[in-house]
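Fold and contact review
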Amino acid sequence: MYLNIPQTKKKRVVIIGGGFAGLTLARKLNRKYFQVILLDKNNYHQFQPLLYQIATAGLEPSAISFPFRKMFQKKNGSHFRMCEALRIIPEENMVETTAGTITYDYLVVANGSTSNYFGMEHIQAAALPMKSVGEALGLRNGLLRLFETAISTNNPNMLNIVVVGGGPTGVELSGALAEMKKYILPKDYPDISFSDMQIYLVEALPRLLAGMSDSSSEKALSFLEEMGVKVILNTPVKDYIDGDIILGNGQTITTQTVIWASGVTANVLEGLSTPKHTGRGRRLKVDAYNRVEGFEQIFAIGDVCLQTETKFPNGHPQMAQAALQHAQNLSRNLQLLLTGKEMKPFHYHDKGSMATIGRNKAVVDLPFIRLHGFMAWVLWMFVHLVSILGTKNKAITILDWSWNYFTYDPSLRLIITPEEKKTQDKQG
């Protein structure tokens, strides 16, 4: 079964994944020369850097989500299919999906990454990840259920929360949880003693925010400790058994809530999953033009690709900036390829890194300056706000941020889960 897409004389570009890389490429390709087909298991793009605010009830999910079909309304020659890619058959220029098969002239793999639990089965079974809007909502539900249960239970250890991973996601989430503990939860649950609630941030490396400067790492640690977060560095997580997190130094932490923000692995598809095609983190090995090694018509961009340069011997950082730059360069190169001209090799331009720890607290590393504190926080908000798709989404985000800042009381603390359908016994 095919995906019911008309064949044209234009070159067909099939893009797997509508994240930063895939969506940017789909929007930039010239429809005069290309038929663009985007495949994604969701019907919307999600702004991943703000997922932690969904998880902590600071933003509503619609604020960081934008439907693909709305983007393609005025782009003739563009098609979207909600399906999951299953297998690539390079010898037939074909992709198998959950909705059928589709052929391509050029294939671009941009299906990103997923959580890496490093083979720890107990952790994988118990931990709450946060790589999608659905997972962020699941985490929000889990946190709110925790407090609803704790109010009727005399068990102080129940309130312990362990965040694993000291990168931007772990740091930002830990800060948001600390602010919930201070400003919000005591008002919602006056019968609970939140002095018993401990928030732990566990990092295997010697410092937080390993991709940022030493000064930003130290400042982030200082901010978190001031906010009451217990930061444990240079200590890997080993297991989770009978309600206890077991650390590499032998320490155990009793907790019912483990949030996983440590490490990712690429979403590799069957047909490209051999050691010949994959490298560090199961990422697809590509050349300087983002072409998957061994193939002329298959490209990979974003988190899923492993492209090395002198400054980046282990590949580019799995961040939005790298994904956006990959997509922009590949859009130009496909045009050059179509006209028989020489393609331009990709070079990553590091525009800086940033992370927010809480109200008026952030760290920013730019090529020309480093900022900490209030000004860094303002810059962090501005950059993230302009990056969100859709005027309405920007307005919703500004409204939610303003309300939360001045009232200390986000209004999205709802436990929303689908109800099971009830059946009635037939009367004889």
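Please read these numbers as outputs of a predicted model, since none were measured by experiment.

With respect to the environment of Gln 256
Locating Gln 256 in the fold gives a position in the loop between strand E16 (252–254) and strand E17 (257–260). Distance in space between the C-alpha atoms of Gln 256 and Ala 126 is 8.5 Å, their sequence separation being 130 residues. Beyond its immediate stretch of four places on either side in the chain, Gln 256 contacts Leu 146, Met 158, Asn 160 and Tyr 240.

Regarding the nonpolar core
In a soluble, globular protein the nonpolar side chains are often hidden away together inside. Counting residues in hydrophobic clusters, the biggest one holds 85 residues, and the most contacted among them are Ile 15, Leu 50, Ile 64, Phe 147 and Leu 177. Counting residues per element, this core draws most heavily on helix H6 (residues 168–188), at eight residues. Formed by 26 residues, the second largest nonpolar core is a distinct cluster that contains Ile 37, Leu 107, Leu 269 and Leu 272.

Here we look at the packing of aromatic side chains
Taken as a whole and assessed by the stated rule, the structure comprises 12 aromatic pairs. The interplanar angle of 65° and the centroid separation of 6.5 Å between the aromatic rings of Tyr 106 and Phe 299 together place this pair among those described as edge-to-face. Placement of Tyr 106 in strand E9 (residues 106–109) and of Phe 299 in strand E20 (residues 298–300) is noted, with a sequence separation of 193 residues between them. Comparing Tyr 106 with Phe 299 shows no difference in burial state: the two are buried. Centre to centre, the rings of Phe 147 and Phe 194 are 6.1 Å apart; their planes meet at 70°, and the pair counts as edge-to-face. Here the residue Phe 147 occupies a position in helix H5 (residues 133–150), and Phe 194 occupies one in the loop between H6 and strand E12 (199–202), the gap between them amounting to 47 residues.

Side note on unusual backbone geometry
Unlike most non-glycine residues, Ala 57 shows phi in positive territory, near 65°. Along the polypeptide, Ala 57 turns up in the loop between helix H2 (51–55) and strand E4 (65–67). With a relative accessible area of 1%, Ala 57 lands in the buried category. With a phi angle near 50°, Asp 242 is a residue other than glycine that sits in the positive phi range. As for its placement among the helices and strands, Asp 242 is situated in the loop between strand E14 (237–241) and strand E15 (244–247).

How each quantity is defined
- Residues numbered from 1 in each chain as written.
- Predicted model: local features only at pLDDT ≥ 70, side-chain atom pairs only at ≥ 80, totals over all residues.
- Heavy atoms only, no water.
- Helix = DSSP H or I, 4+ residues; strand = E, 2+ residues; numbered from the N terminus.
- Contact = heavy atoms within 4.5 Å.
- Core = buried A, V, L, I, M, F, W, Y, C linked by side-chain atoms within 4.5 Å.
- Buried < 20%, exposed > 50% of the residue type's maximum accessible area, 1.4 Å probe, protein only.
- Phe/Tyr/Trp six-rings, centres within 6.5 Å; stacked < 30°, edge-to-face > 60°.

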